[in-house]
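An overview of the molecular structure
If you want the building blocks of each chain, they are given just below.
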Amino acid sequence: MIGLLGDFELAEEAAQEAFAIAAERWARDGAPESPGAWLVTVGRNRAINRIRRDRTLAQKLPLLAELTPVAGGGVCHGDLDSGEGEGKTAGETVGDEAFGDERLELIFTCCHPALSIDAQVALTLRTLGGLSTDEIARAFLVSEPTMAQRLVRAKRKIKAAGIPFRVPPDHLLADRFAAVLAVVYLIFNEGYSAQPTRRELVDEAVRLGRALVELMAGEPEAHGLLALMLLQDSRRDARFRDGEIVLLSDQDRSLWDAAQISEGRAVLDRTLALCSGGGRGDAAAAATGMPGPYVLQAAIACLHTEEPRDWPQIIALYGELAPLMDSPVVELNRAIAVAEHHGPQAGLAILERLPLEDIHYLHSTRAELLRRLGRNKQARHAYSRALELVSDDAERRLLERRLAELGG
Amino acid sequence: MKFMLLIHQGDTPTPRDPQAWATLSEEQQQAVFADYKAINMTPGVTPGVGMESPEMATTVRVKDGKTLTTDGPFAEMKEALGGYLLYEADDLDAAIELAARIPAARLGGAVEVRPIVQW
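Residues numbered from 1 in each chain as written. Chains lettered and ligands numbered in written order. Predicted model: local features only at pLDDT ≥ 70, side-chain atom pairs only at ≥ 80, totals over all residues. Heavy atoms only, no water.

**So, the interface of chain A and chain B**
In this complex, chain A contributes 12 residues to the contact, which on the side of chain B involves nine residues. One can count three salt bridges joining chain A with chain B. Between D91 of chain B and R166 of chain A there is a salt bridge, with its nearest N and O atoms 3.7 Å apart. Mapped by element, the contributors of at least two residues to the side of chain A that touches chain B are α8 (144-161) and α9 (170-192) of chain A. For the side of chain A that touches chain B, the leading source of residues is α9 of chain A, giving three residues. Across the side of chain A that touches chain B, the residue classes tally to seven nonpolar, three polar and two charged. (Contact = heavy atoms within 4.5 Å. Salt bridge = Lys/Arg side-chain N within 4 Å of Asp/Glu carboxyl O. Helix = DSSP H or I, 4+ residues; strand = E, 2+ residues; numbered from the N terminus. Nonpolar A, V, L, I, M, F, W, Y, C, P; charged D, E, K, R; others polar.)

Dropping the structure here:
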């Protein structure tokens, strides 16, 4: 390892870390096939992370100082309606060039929890994104006057209710930043899960994600969200075939956007380096060095782009994600990974415990695992149940085909 | 700016209802008193007046010039107003933080923050 790294001290430290990780992981998951090689790989990765972390920190320090908000920053609602009349929004008066650093204050204001989530989304798209009121209205399937009114009302509330125009102070920052990330990811999903995909929303979300990375460079979760969106969206062309959804393992990898995957990976690498350094404002990450939910989801998405897939690692990451998300859907995803690694029976055992009776994913997953076990009658029953609950047409077509293949 | 904090006490325990009040531990009871005291002493706060419980309320309506009264509060009992205070603060965030410290907010009630119109 010293030869590999060319640095004795670093190598020693890395080896120690690798052994520590091995002691924990091998006890849990059993020893790998070639323990020596495993140790060298883990040690090398740790060392690279360390080098990267030091380098990143050195780069980020001046940036952080620049971005640290003045405590108790003033209330300047004037900026939000300094335009002429209601037709103008803050986004038009606060341009990138003129008020570059005010974009951050603006996004925190737009995503203030005192506004409804619909208003947060609309305001963020209107003032920070590049969409017109009409385009936002179309993306959310409401009429233009409705959307215009939503925006006017939201802006009026910002002013009348005293929503501050500032980056929140430290004791509020973690919660508020989580709200900002949620709005951006919601915009992404509105676009990504629609069929056909609403490209304008996906592109806006990615653009906002890039802005957040630029503005909150010390926050691992900002990088995590950008990486997650890039990696998910890289599979856009492979997700549907003849109007039917294509499961990840059946997707034609040549249709994946390789450039975007490598960008997503690069962003993720930076994130992981930041995580080990601890982010500003993200209390959980700073206290424990633990990655947050977006970083974990991005890491999982990244592992899914590799072949063969590292199922034990994917299972472990879902295990870390579950307590952060407090959602049985994460457990459902873990069950799928467990089924890939330990067999369908083990996956089914997890599914039995999940309170997701009304969610079609539970039944479609059960059906798939039962099918693999050759328990066709039960599989048919589960597919039928999933079909009763599913609302998306592309998913319905896949379920119908599977059911037909079972001779149901 | 100035905010009105409307405390929707509802059916959260108060000393006026000994049975409900007894559902709180001694520690919780002490915390309720201590919190209200600290809130009333917070700079910018003008404490409201104490009100009898919503059961003591009489609701008044006028229809065709005739005064109609009903027993009880206008809102549902569990949403009824229990008190209020005024708060002079920099912005909504400060008002939200104060509201979150009001015991009723964590005991099943809620606090509504309303900006006061400046004429």
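**Considering the sheet that holds strand β6 (residues 110-115) of chain B**
Residues and elements named next belong to chain B. One open sheet accounts for four strands, arranged β2-β5-β1-β6; its pairing is antiparallel. Strands at the two margins of the open sheet, each flanked by one partner only, are β2 (45-47) and β6. Pairs of neighbouring strands in the sheet enclose a mean axial angle of 25°, with direction left out of account. Two strands pair when backbone bridges link them, and strand β1 (residues 2-8) and strand β5 (residues 83-88) are joined in this way by six bridges, in the antiparallel orientation. Opposite L6, over in β5, you have Y84 as the bridge partner. (Pairing = 2+ DSSP bridges. Axes fitted to C-alpha atoms, helices over the stretch in contact; angles between N-to-C directions.)

**Topic: the pattern of salt bridges**
Residue and element names in this part refer to chain A. The tally for this structure, following the rule as stated, stands at 25 salt bridges over all chains. Note that R103 and E214 form a salt bridge whose closest N and O atoms lie 3.0 Å from each other. Note that R103 is positioned in helix α5 (residues 102-110) and E214 in helix α10 (residues 199-215), a separation of 111 residues in sequence. With a relative accessible area of 14%, R103 lands in the buried category. Note that R199 is salt-bridged to D233, the shortest N-O span being 2.9 Å. Taken together, the residues span a long stretch of sequence, with R199 in helix α10 and D233 in helix α11 (residues 220-233) at a distance of 34 residues. With relative accessibility at 31%, the residue R199 sits in the partly exposed group. (Buried < 20%, exposed > 50% of the residue type's maximum accessible area, 1.4 Å probe, protein only.)

**Some points on the nonpolar core**
Where a protein is soluble and globular, its nonpolar side chains tend to be buried together. F108 of chain A together with L5 of chain B are the most contacted members of the largest nonpolar core, which has 112 residues in total. The biggest single contributor to this core is α9 of chain A, with 10 residues. Not counting residues up to four positions away in its chain, the partners in contact with F108 of chain A are R166, V167, P168, L173, R176, F177, V180 and M216 of chain A. (Core = buried A, V, L, I, M, F, W, Y, C linked by side-chain atoms within 4.5 Å.)

**Topic: the packing of aromatic side chains**
Residues and elements named next belong to chain A. On inspection of all chains with the given rule, the structure shows five aromatic pairs over all chains. A centroid spacing of 6.0 Å and a plane angle of 10° characterise the contact between Y185 and F188, whose relative ring orientation is stacked. Here the residue Y185 and the residue F188 both occupy positions in helix α9, the gap between them amounting to three residues, near one helical turn. Across the pair, F188 and Y185 agree in class, each one buried. Given a relative accessible area of 0%, F188 falls into the buried group. Members of the aromatic cluster, joined through ring pairs, are Y185, F188, Y192 and Y294. (Phe/Tyr/Trp six-rings, centres within 6.5 Å; stacked < 30°, edge-to-face > 60°.)

**Concerning the packing of helix α6 (residues 117-127) of chain A against α9 of chain A**
Residues and elements named next belong to chain A. Direction vectors running N to C along α6 and α9 enclose 80°, while the axes themselves pass 10 Å from each other. The angle between α6 and α9 falls in the class roughly perpendicular. Every residue of α9 that contacts α6 at I117, Q120, V121, T124 and L125 is listed here: V183, L186 and I187. Among the residues forming the contact of α6 with α9, the class breakdown is six nonpolar, two polar and no charged. (Parallel < 35°, antiparallel > 145°, perpendicular 65-115°, else oblique.)

**Things to note about the packing of α5 of chain A against α10 of chain A**
All names here are of chain A. Where α5 contacts α10, the two axes come as close as 10 Å, and the packing angle between them is 120°. The pairing of α5 with α10 is recorded here as oblique in orientation. The two elements α5 and α10 cross, and the hand of that crossing is left-handed. Of the residues in α10, those in contact with R103, L104 and I107 of α5 are A211, L212, E214 and L215. Across the contact of α5 with α10, the residue classes break down as five nonpolar, no polar and two charged. (Left-handed = near helix turned anticlockwise from the far one by under 90°.)

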